[in-house]
Amino acid sequence: MELSAGKAQRHTGRHNRTLTRAGKVMREPALVFVVGGSVALLVVFLFLPLGKVLAMPGAGDWLSYFETPRFVRATLNSLFMAAISTASATILGFAFAYAVTYAEVPGSRIFRIIGLLPLMSPPFVTGLAFILLFGRRGLITWTLLGLRPDIYGWKGLWAVQTFAFFPTAYLSISSVLKAAGSNLEFAAVNVGARRWRVFRDIVLPLATPGIAGAALLVASQVLADFGNPMLIAGDFTVLATESYLELITNWSPARAAVLSAVLLVPALVVFLVQRSIVERRSFVTVTGKPIQGTRMGPVPWLKWGLTVFCLAIALFVLAIYGVVLVCAFVKTWGADFTLTAYHFVMAVIRGRELGNSLMLSAAAAAFSALFTVVLAYVVQFKQVPGKAVLDFAAVLPSAVPGTVLGIGYVLAFNSGPLAMTGTAFIIITFMIFHYMAVGYRTASGMLKQIDRGIEEASTNLGAHSLRSFWSVMLPLMKPAFTTGLLYTFIRSMNSVSGPIFLISPTWTLASVSIINLADHGYWGQASSLGVAVVGSIFVVLGVARFVLGEKVRLFEI
Amino acid sequence: MRNPAVGRCIAAAIVAVMVLGLCTALAAAQGSRELVVYVTFHENEAKRLFSLFERETGIKVKYLALATGQAVARVEAEATSPQADIFLGAGAENHEAMKMKGLLAQYASPEAAKIPKAFKDKDGYWTGIYLGPVAIIVNKDRFDAECKPKNIPMPETWKDLLRPEFRGEIVMPNPQLSSTGYTFLSSYLQKYGQAEGWAFFEQLDKNVNHYTKKGLAPAQLVATGEFLIGINFLHDQLLMKKAGFNVEIIVPKGAGWEIGSVSIIKGGPNPENARKFIDFVIGQKAQQLHTDLTMRIPTRPDVELPPGVKPLTEMDIFEEFDIIKAAADKEALLNIWSKKFAR
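Model, not experiment: these values are computed from the prediction. Numbers given to residues run from 1 along each chain, matching the order in which its sequence is written. All chains are assigned letters beginning at A, and all ligands numbers beginning at 1, according to the order in which they are written. In keeping with the model being predicted, local features are shown solely for residues with a pLDDT of at least 70 and side-chain atom pairs are shown and tallied solely at 80 or more, while totals for entire chains, interfaces and linings include all residues.

Secondary structure follows DSSP: runs of H or I at least 4 residues long count as helices, runs of E at least 2 residues long count as strands, and numbering of each begins at the N terminus. Helix and strand content of chain B: eleven helices and eleven strands. Viewed in the frame of its principal axes, chain B has a C-alpha envelope of about 105 × 40 × 40 Å. Exposed residues have 12 or fewer other C-beta atoms within 10 Å of their own C-beta, buried residues have 20 or more, and residues in between are partly exposed; the C-beta atoms are placed from the backbone. Buried residues in chain B amount to 47% of all 343 residues. For the purpose of contact definition, each residue receives a C-beta atom placed from its backbone, and two residues are in contact when these atoms lie within 7 Å. Looking at chain B alone, contacts between residues at least 24 apart form 76% of all its contacts between residues at least 6 apart.

Before going further, it helps to spend a moment on the overall build of chain A. When you go through chain A residue by residue, the secondary structure sums to 26 helices and two strands. A total of 557 residues make up chain A; the buried ones form 50% of that total. For chain A, the share of sequence-separated contacts (at least 6 apart) that also reach a separation of at least 24 residues comes to 81%.

We now examine the interface of chain A and chain B. Taken together, the contacts link 27 residues of chain A with 27 residues of chain B. Those elements that place two or more of their residues in the side of chain A that touches chain B are helix H5 (69-102), helix H13 (239-248), strand S1 (330-332) and helix H25 (510-519) of chain A. It is H13(A) that contributes the most residues to the side of chain A that touches chain B, three residues altogether. Under the scheme applied, nonpolar residues are Ala, Val, Leu, Ile, Met, Phe, Trp, Tyr, Cys and Pro; charged residues are Asp, Glu, Lys and Arg; polar residues are all the others, including Gly. Here the side of chain A that touches chain B is built from residues that sort into ten nonpolar, ten polar and seven charged.

Attention now moves to the pairing of strand S5 (residues 126-139) of chain B. All names here are of chain B. Among the 14 residues of S5, 14 are classified as buried, and the element is accordingly described as predominantly covered. As paired strands, S5 and strand S10 (residues 257-265) are joined by seven bridges and run antiparallel to one another. The partner of Leu 131 across the bridge, within S10, is Ile 259. Strand pairing is defined by DSSP finding a minimum of two bridges between the two strands. Pairing between S5 and strand S11 (residues 297-298): two bridges, direction antiparallel. Residue pairing across strands places Leu 131 opposite Ile 297, the latter belonging to S11. When S5 meets strand S8 (residues 229-233), the two strands line up antiparallel, connected through five bridges. Within the sheet, the bridge partner assigned to Ala 135 lies in S8 and is Asn 232. Across four bridges, S5 lies against strand S9 (residues 247-250) in antiparallel orientation. Looking across to S9, one finds that Asn 139 is bridged to Val 247.

Right, let's talk about the packing of H25(A) against helix H26 (residues 523-547) of chain A for a bit. A pair of packed helices is captured by two measures, namely the crossing angle of their axes and the spacing between those axes. All names here are of chain A. Here, axes are lines fitted to C-alpha atoms. For helices the fit covers the stretch in contact, and angles between N-to-C directions go from 0 to 180 degrees. As a packed pair, H25 and H26 sit with axes 8 Å apart at the nearest point and diverge in direction by 160°. With respect to H26, the element H25 is oriented roughly antiparallel. As H25 packs across H26, the resulting crossing turns out to be left-handed. Counting all contacts with H25, which are made through Ala 510, Ser 511, Ser 513, Ile 514, Leu 517 and Ala 518, the residues of H26 involved are Trp 523, Gln 525, Ala 526, Leu 529, Gly 530 and Val 533. For the contact of H25 with H26, a count of residues per class yields eight nonpolar, four polar and no charged. For classification purposes, angles smaller than 35 degrees are called roughly parallel, those larger than 145 roughly antiparallel, those between 65 and 115 roughly perpendicular, and all remaining angles oblique. Each crossing gets its hand from how the near helix is turned against the far one by less than a right angle, where anticlockwise is left-handed and clockwise is right-handed.

Here we take up the domain arrangement of chain B. Residue and element names in this part refer to chain B. Domain assignment breaks chain B into domain 1 (31-131 + 259-306) and domain 2 (132-257 + 320-341). Residue ranges for the domains originate in an automatic or database domain assignment. Computed over C-alpha atoms, the centres of domain 1 and domain 2 are 28 Å apart. Opposite the 14 residues of domain 1 that make contact, domain 2 presents 13 residues. Examining the composition of the side of domain 1 that touches domain 2, we find that four residues originate from one element, helix H4 (residues 92-100), more than from any other. Broken down by class, the residue content of the side of domain 1 that touches domain 2 amounts to seven nonpolar, four polar and three charged.

Attention now moves to the packing of helix H17 (residues 353-381) of chain A against helix H21 (residues 436-449) of chain A. Residues and elements named next belong to chain A. Put simply, H17 and H21 touch, their axes get as near as 8 Å, and they point 40° apart. Here H21 runs oblique to H17, going by the angle between their axes. In this structure, the crossing between H17 and H21 has a hand that is right-handed. On H21, the residues that touch Ser 368, Ala 369, Phe 371, Thr 372, Val 373, Leu 375, Ala 376, Tyr 377, Val 379, Gln 380 and Phe 381 of H17 are Met 436, Gly 439, Tyr 440, Ala 443, Ser 444, Leu 447 and Lys 448. Looking at the contact of H17 with H21 residue by residue, the classes come out as twelve nonpolar, five polar and one charged.

In this section: unusual backbone geometry. All names here are of chain B. One non-glycine residue, Ala 90, lies in positive phi territory at about 65°. You can see Ala 90 is positioned in strand S3 (residues 86-91). With 27 C-beta atoms counted inside 10 Å, the residue Ala 90 sits in the buried group. A positive phi angle, close to 65°, is found at Met 295, a residue other than glycine.

A separate point is the nonpolar core. A set of buried residues drawn from Ala, Val, Leu, Ile, Met, Phe, Trp, Tyr and Cys, joined through C-beta atoms within 7 Å, is what defines a nonpolar core. Counting residues in hydrophobic clusters, the biggest one holds 178 residues, and the most contacted among them are Ile173(A) and Leu529(A). Residue contributions to this core peak at 15 residues, all from helix H11 (residues 195-224) of chain A. Dropping the residues within four chain positions of it, Leu529(A) is found in contact with Ala347(A), Val348(A), Glu353(A), Leu354(A), Ala510(A), Ser513(A), Ile514(A) and Leu517(A). One finds Tyr63(B), Leu221(B), Ala255(B) and Met295(B) within the second-largest nonpolar core, a separate group that totals 93 residues.

On to the environment of Thr208(A), then. Relative to the helices and strands, Thr208(A) resides in helix H11. Residues Thr208(A) and Leu50(A), spaced 158 residues apart in sequence, show a C-alpha to C-alpha distance of 30 Å.

Bringing the pairing of strand S1 (residues 34-39) of chain B into the picture now. Residue and element names in this part refer to chain B. Extensive coverage of S1 is indicated by the burial of five of its six residues. Bridge count between S1 and strand S2 (residues 60-65): six bridges; the pairing is parallel. Opposite Tyr 38, over in S2, you have Leu 64 as the bridge partner. Bridging between S1 and S3 involves three bridges; their strand directions are parallel. Following the sheet pairing, Tyr 38 is matched in S3 by Phe 87.

A few words now on helix H19 (residues 402-413) of chain A. All names here are of chain A. Expected helix span is given by 1.5 Å per residue-to-residue step, counting one fewer step than there are residues. Spanning twelve residues, H19 covers 16 Å between terminal C-alpha atoms, matching the ideal 16 Å at 1.5 Å per step. Buried residues dominate H19, accounting for twelve of its twelve residues. For H19, the full list of buried residues reads Gly 402, Thr 403, Val 404, Leu 405, Gly 406, Ile 407, Gly 408, Tyr 409, Val 410, Leu 411, Ala 412 and Phe 413.

All names here are of chain A. Values of pLDDT, ranging from 0 to 100, describe the predictor's confidence in every residue of the model. Summary statistics for chain A give a mean pLDDT of 82 and a share of 88% for residues scoring 70 or more. Looking across chain A, the model is least confident in helix H1 (residues 2-15), with a mean pLDDT of 39, and most confident in helix H20 (residues 424-434), with 95. Segment residues 282-291 is flagged for pLDDT under 50; beyond a separation of four residues in sequence, or across chains, it makes 16 contacts in the model.

Below is the structure:
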């Protein structure tokens, strides 16, 4: 990597020794425009809102944080919950990923699809179904098993968060496991290594950056989520819920900002730790060639164990979604199981929320994918000043909880020259900047594998940056573009914690509407909308696969 | 003019512009055909009211569904150039506070005469639409199976909730986070005094499984059988009964209450339409629609009540409950509450 960068510099240096780095940039107006534009966008839509969150509260507001035991307790609870949920969701995600992409247990294809389901529905819906199945009078716990577990508290929340966020871990770990070279394993086996040693010394270290990345994603999502804590945590309070209630119920933006700023600290620590781990141990064996040789699968008893494990998870997921489906199409779960299309008609057909969600998410996905690909290209391939900062800014949003960024958007864009609360634009920009990290990471990972020679050849033949980018680089980066596109789309369809602060009468979203409906007791309509969201995501994925003419590369995150 | 077709086109365009201008002028002379409402009801409920209003008057309603605190903050922030005409929903204490700050306009609606004195502002700044008493909801299936064999009677008073058999089986909203919870707390303390009142909540705390973050949650949690007994507003509980759940609902003697109200925002862009809306929303037709939809008990006596609900006059609620004092005491009471009960 370093070597090739040096080579590139020497190479271009031969063309024009006298020009400084900045001077070289100035030579290309398109590049100046792109770099300047990216910097401006990141400053306005990322750093300004975050700065507002930090700058808004006065000394008195900070004092009230430390003087309110409720807030301090919520902080400790948030940290505790994030720690245990991240650990459990990551372990579960790793085991699942190992089973379906590495050990390839029987039924892996089906397990892969089922494992994705929780990722595609707003977390709130799963929380509701969880109560109906595993509550004190749940279908499984009480009716079938006669148990009375007390789920209202940290234990119940832990279970729900583990379940809701393990797919995120599974997705990002499975992509790394897939890429990890089997040639190394093959060599290890040839020199007589046993299976356990291969796993410990080769598979696990190779997967470490992926696991760290997965843990980061899970941690920031657990920190940000307030839907499930509101529903299930009982008296156990977390920061995300508290800051939401401060803003929405008590309308005290300053205190909400304090709580958000506090929430930002653990998120950033996790982010920095993860970054240093990945940088220190980044030895993924990407050759760009298909894997050769055979993989060292686990011993048979372990393989069967993993199969049973996957089957249990799959049944659990299906049970949850079964409940949601039933809720959506019967009059009232628990009271009147007559079939009806009423909820679906009211919430989906007559409502405009699903249409809005699809439209805004699609717009955000398109812009986000394009922006991240361009940004990654500039950072990886161009000698521009401050590219380390750009790189950092592009992956930072993955660590910022949606609640924090959402409150920041309210504070930054409520009035003044940038006033745009209530518009579709503010929701779209939120989605673009909050979910850009995955697309960016994929694109820059991919660019690291592309030989600069290709672009240099094009430049040497007289093409400008823009031209080389358009006709040479862009086609090569199509897979990264697709990943960014679909990831942003799916996350935007389901995001609640940020957009809940940004919606307006004209621009309501399905994900937020689900929470409001459930809050007001319209469980059937909430479930219907949930079903519609999951269904439409699957349709879009199908269409994408058809239109983009390749395997939908969601696994390459 | 060499080409007659071009001439005709230009003439037609001029006529069209003139007609358009005339229409605009006429419309302006007639007054605006629009109304802006800040509403705290759920959209599903608000929309139905507004479309009925649009059908009856031809006035188009633009609305924003907000949480109470947010709506109040918004009206305050816009005091110098109000953007909305009507503030609909939220307890009367919020309207009273806005009246004191000079944010509301007076209006003596002819329809307000039909509403009992207790449910409207004496100066005509706000009018109550519905009354929500705090009530007890019991899951009947569970009660019959678990309590009847032990000869435990169905709770009828607040004190009945203190039975040790109900330990861990009661849910109520957190007064710090929900106006429902605070209404229960403040009305009880007003009725029975600080000493007796706090002693009651200390006893009750032992039976409470958890304090919910949303006012509606207890009714849902009891309806689905998760808990045996819940405390929240009557209409939230009636919705569960309407949905088909087997629940018993009790309005205990001396129950506290809220009055969901409506008021006109001073200096709003469409004052004439705002008055029309008040006439409409406290009128019989709108109140009937609202009651049928939300199970809330209307302030007008000439509205048909949800099945099984006693009229207000027959309910033995805490009539002297001073909601304005309750609002003034809020910070102090919640401070004590959080010291005693925050978990």
